[in-house]
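In case you want the letters, here they are:
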Amino acid sequence: RAVAMSVSHSSRLNKLVREQYMRLPQDGLVQVTYVWIDGSGEGVRCKSRTLDKEPKSIEDVPEWNFDGSSTAQAEGSNSDMFLVPVHMFRDPFCLDPNKLVLCEVLKYNRKPAETNLRHTCKKVMDLVKDSHPWFGMEQEYTLLGINGHPYGWPDNGFPGPQGPYYCGVGADKVYGRDIVESHYKACLYAGVKICGTNAEVMPSQWEFQVGPCEGIEMGDHLWMARFILHRVCEDFGVVATLDPKPMTGNWNGAGCHTNYSTEEMRREGGLKHIEAAIEKLSKRHDYHICVYDPRGGRDNSRRLTGHHETSNIFEFSAGVANRGASIRIPRQVGQDGYGYFEDRRPAANCDPYAVTEAIMRTTVLNETGVETKDYADH
């Protein structure tokens, strides 16, 4: 009974009945679900409309609008916001020919909404495109029951200490694998560049990896992967939280480790370019901490304690194969002399557009200090 009460009511609706309707023909019409980031900078919203034919490219998807006063993005007296389609995916919930479309949000005056961080990220990625930046982001998350308690944990008390859960197998070690595997398949179907998944150190905590993606693609694919995760969890009646420290005490937090390289880092002798980039990052630690979670570092201060495989938020560090450092150079990269490095500071609830933009501003555009340069006129 306790397990049944921890999942949502809607998840207990008869899914076989739903399947009967899902199989009905659409007679050439197409359902397009528009997805956008809301005023929190963390949540995603969606709504759907019918197009009279299947869109073959993003240009075939029309702009739309929504009530920004209901998403903390506008005043009620001037509430219409524009949805500008930027990236189209297949729809793993309603199936072909239906689409999921990621959108940028613009205000009434066509300026980007405050949480539309894609806008400046795209400008920066266009400026640095000749360096061919590749990213891979490792999204950690925690499954919660509808009551806010970690899914599968005892109603009173705690599971056994961390140790057997990471990459674990067995009903006493992992919770919610059905959700994880469903999400993986849904991402593959959608065309999201998901490249792996594993159970994490804290029980009911998981990770999926997206990449390699070049430039602006990283943020597009990770945000859509997050949307699909929340949507899959909805079907199963549980909640996926990206909180960087969902459980206080002797439990691991949740990050979004960001792997990064430029073309010159990936070539023979690239280690010297990796080390040069890390040197630039070391001199701009405070700036990066400010943009690596939605609250200017306050969320990460709960996670980056120097314990539980994290660095200390107040100190910059780097090392080969060191998971307690700000920046980790993988052992293989140290041996080969080229490859990539991992920034372990971004929080699980970071905006990937903000993270990837910041890395490019520091390592390629050579910005310093806490101020950022406006490249609008260049």
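This structure is a prediction, so every number in the text was calculated from the model and none was measured. (Residues numbered from 1 in each chain as written. Predicted model: local features only at pLDDT ≥ 70, side-chain atom pairs only at ≥ 80, totals over all residues. Heavy atoms only, no water.)

(A) How the structure looks around the pattern of salt bridges. On inspection of all chains with the given rule, the structure shows 25 salt bridges. Across the pair E19 and R18 runs a salt bridge whose closest N-O atoms are separated by 3.7 Å. A salt bridge links E54 to K56, with the shortest nitrogen-to-oxygen separation between them at 3.6 Å. When salt bridges that share partners are traced, they join E42, D243, R295, D299 and R302 into one network. (Salt bridge = Lys/Arg side-chain N within 4 Å of Asp/Glu carboxyl O.)

(B) Just the state of the cysteines, in detail. Taken as a whole and judged by the stated rule, the model has zero disulfides. Summary of cysteine pairing: C94 is not part of a disulfide, and the nearest cysteine sulfur, belonging to C46, is at 10 Å. With no disulfide of its own, C233 lies 11 Å from the sulfur of C187, the closest cysteine sulfur. (Disulfide = S-S within 2.5 Å.)

(C) Quick look at the nonpolar core. Residues Y141, M224, I228 and F341 are the most contacted members of the largest nonpolar core, which totals 66 residues. In terms of residue count, helix α5 (residues 217-236) provides more of this core than any other element does, ten residues in total. Residue-level mapping places this core at the junction of two domains, with at least three residues from each of domain 1 (9-114) and domain 2 (125-364). In contact with F341, not counting residues within four places along its chain, are T258, N259, Y260, M265, I274, A277, I278, L281, I327, R328, I329 and P330. Core analysis: the next-biggest nonpolar cluster, separate from the first, contains 15 residues, V30, L51, I58 and F66 among them. (Core = buried A, V, L, I, M, F, W, Y, C linked by side-chain atoms within 4.5 Å. Buried < 20%, exposed > 50% of the residue type's maximum accessible area, 1.4 Å probe, protein only. Helix = DSSP H or I, 4+ residues; strand = E, 2+ residues; numbered from the N terminus. Domains from an automatic or database assignment. Contact = heavy atoms within 4.5 Å.)

(D) Seen up close, the domain arrangement of the chain. According to the domain assignment, the chain contains domain 1 (9-114) and domain 2 (125-364). Placing the centre of domain 1 and that of domain 2 at their C-alpha centroids yields a distance of 26 Å. Interface area for domain 1 against domain 2, summed over the two sides, is near 2,000 Å², with a carbon-plus-sulfur share of 68%. For domain 1, the biggest contributors to the area lost against domain 2 are E42, F89 and F93; these three give 32% of the whole. For the interface between domain 1 and domain 2, the tally reads one salt bridge. (Buried area = accessible area lost by both parts, 1.4 Å probe.)

(E) Spotlight on the UniProt feature "domain: GS beta-grasp" (unreviewed entry) in the chain. Under the local residue numbering, the UniProt record ascribes the feature "domain: GS beta-grasp" (unreviewed entry) to residues 30-110. Annotation note: span residues 30-110, helix share 0%, strand share 48%, distance between end C-alpha atoms 28 Å. (UniProt positions renumbered as here; feature names shortened; annotations may be inferred.)

(F) Fine view of the sheet that holds strand β5 (residues 99-106). Taken in spatial order, the five strands line up as β2-β1-β5-β4-β3 in an open sheet, and their pairing is mixed. With partners counted over all chains shown, the strands left at the sheet margins are β2 (44-51) and β3 (64-67), one partner each. Pairwise comparison of adjacent strand axes, ignoring direction, gives a mean angle of 40° for this sheet. In terms of strand pairing, strand β1 (residues 30-37) meets β2 through eight bridges, oriented antiparallel. (Pairing = 2+ DSSP bridges. Axes fitted to C-alpha atoms, helices over the stretch in contact; angles between N-to-C directions.)

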